[in-house]
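Observations on the three-dimensional arrangement
Spelled out, the chains give:
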Amino acid sequence: MSNTKLEDIVSLCKRRGFIYPGSDVYGGLSGTWDYGPLGVQLKRNILQLWWKMFVDDREDMLGVDAAILMNQKVWQASGHVDTFTDPLVECSNCHARHRADKLDDPNKCPTCGKTDTFGEARQFNMMFRTFVGPNQGEEVTIGAPLDEQKRSVDLEGRKAITYEPSSVSYLRPETAQGIFTNFKNVVDSFYPDMPFGLAQQGKAFRNEISPRDFVFRSREFEQMEIEYFVHPDNWEEAFTMWLKLVHEWTDALGLPTESVHELEVPEADRAHYSKRTVDFEFDFPIGREELLGLAYRTDFDLQNIQKASGKSMDYRPKDGGEPFVPHVIEPSFGLERSIMAVLAAAYTEDEVNGEKRTYLKLPKHLAPVKVAVSPLLKNKPELVEKAREVYTALKKEFGNVMWDDNGNIGKRYRRQDEIGTPYCVVIDFDTLEDGTVTVRDRDTTEQQRVASTELTSKLA
Ligand code: ATP
């Protein structure tokens, strides 16, 4: 796996319909990616697995799905307006802009190769700003009278865009705030026992200075986050529980244990809200990098909301104890990085009958296509008819079953191997005689004859 090259994964993803560059037909839009038919299925399988493991299978978790656009007060109170920044440097020679803390050589511009062309780094806020409602976007010429009381001005060349400051909103840079802002709502309607968690999956947006490494650093991505509310005395116990649960998750993704590493993040590198953070790193083809994070966010967010909104975030213990503002353990999972890790772990090359083969050794529960069904020859109506029958029955049972009658059988197997389909079922002339079909295993390439009446139960 350590030999897997990122470009091989990128190329397989595009060729086979997993992931395409965003807006590809127009030359792309940096930091955005579109999912094709197989990519979207893989993504859904991961999202569903996560929801099942952390919400459906547990008694202490509830789900929410908050709006992406939120009141700007959310991002003021959370500290994101002031501090959600990365250091930016600009090259005085080629004017390329880079993230200062991610440069291989802090004095050398990776775009033009010149040294000592960077000035002082400035803090660049990564939130995408937008405007809600029709009170924005009027273009005026600079110098024209403006009602300064009501309007702020953005300079754009010789023109200015006016907007109502109160209409400013941001595309959320994390899903977490949508959970915190609903804490009181959920407690009011459910009054769950403490500790309990709220889970959310959804898009997050960051105007990354240098998006790169395929989907690893994107400007639009998906997060799967949990805020686990605890009594302040119990945060360490909950943190330990989540360390273990995160490992169960990486196992369920099929990631080799030896490729997943815990990194205790030193205080200086922690986010502004965190008292303890453990990053889970993975040996990606680009090197060892953050896959997901586990943070102890204290009561930072609920206290800020309480202050800014004037509404109490107290939790009243059911045993009559003192009300308290809960503390929070936050496991934050990135979907794109999960997909990249899963693909990197699954990407395998071997040799079958002297020929090189590439295949995705995906865990079966994640494979986008569960079974492919083929008639041995597509110009024999009796084979096609029988194969259709098998296909319809399997599709009813397993959902993601693919009909594949393109090219010869060898080519079909190669194609299915490359997309990680665990089993191929072939209907041939023997099927018409004795009712058995060939089932071919992706990993071993072994073929077995199975009675078509037993096919569903065997595959299940
Ligand atoms: P990094 O240090 O790599 O920028 P981060 O520490 O800022 O990441 P968090 O704010 O902890 O990331 O976000 C939680 C998770 O969201 C990350 O572990 C990662 O899986 C995912 N994530 C964050 N930023 C991006 C991005 N630009 N593209 C894809 N996934 C991301």
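Structure first, text after, so check above.
Remember, it's a predicted structure, so these values are computed and weren't measured experimentally.

1. What to know about the layout of surface pockets
Taken as a whole, the largest pocket holds about 1400 Å³ of empty space. For the largest pocket, the lining is made up of 48 residues, of which R99, R206, D269, D279 and E290 are closest to its centre. For the lining of the largest pocket, the secondary structure elements donating two or more residues are α4 (80–83), β5 (85–90), β14 (220–230), β16 (276–284), β17 (287–298), β18 (327–334) and α9 (335–346). Among the residues making up the lining of the largest pocket, the classes are represented as 17 nonpolar, 11 polar and 20 charged. In terms of domain composition, the lining of the largest pocket takes at least three residues from each of domain 1 (6–70 + 174–345) and domain 2 (88–169). Considering only enclosed or pocket space, the second largest pocket measures out at about 290 Å³ in volume. In this structure, the second largest pocket is lined by K73, V74, A77, Q177, T181, K184, N185, I305, A308, S309, K311 and M313. Looking at the lining of the second largest pocket, the elements that each hand over two or more residues are α3 (72–77), α6 (183–190) and α8 (300–309).

2. Some remarks on the packing of aromatic side chains
Counted by the stated rule, this structure contains 20 aromatic pairs. An angle of 45° between the planes, with centres 5.6 Å apart, marks the rings of F54 and W242 as tilted. One end of the pair, F54, is in helix α2 (residues 37–56); the other, W242, is in helix α7 (residues 235–252), and 188 residues separate them in sequence. Across the pair, exposure class does not vary: F54 and W242 are buried alike. Here the aromatic rings of F183 and F229 are separated by 4.7 Å at their centres, their planes lie at 45°, and the arrangement is tilted. Separated by 46 residues along the polypeptide, F183 in helix α6 and F229 in strand β14 bring together distant segments of the chain.

Calculation rules
Residues numbered from 1 in each chain as written. Predicted model: local features only at pLDDT ≥ 70, side-chain atom pairs only at ≥ 80, totals over all residues. Heavy atoms only, no water. 1 Å grid on protein atoms, 1.4 Å probe; cavity = no way out; pocket = protein on both sides within 12 Å on 5 of 7 lines; lining within 4 Å. Points joined across faces, edges and corners; volume = space filled by probe spheres on them. Helix = DSSP H or I, 4+ residues; strand = E, 2+ residues; numbered from the N terminus. Nonpolar A, V, L, I, M, F, W, Y, C, P; charged D, E, K, R; others polar. Domains from an automatic or database assignment. Phe/Tyr/Trp six-rings, centres within 6.5 Å; stacked < 30°, edge-to-face > 60°. Buried < 20%, exposed > 50% of the residue type's maximum accessible area, 1.4 Å probe, protein only.

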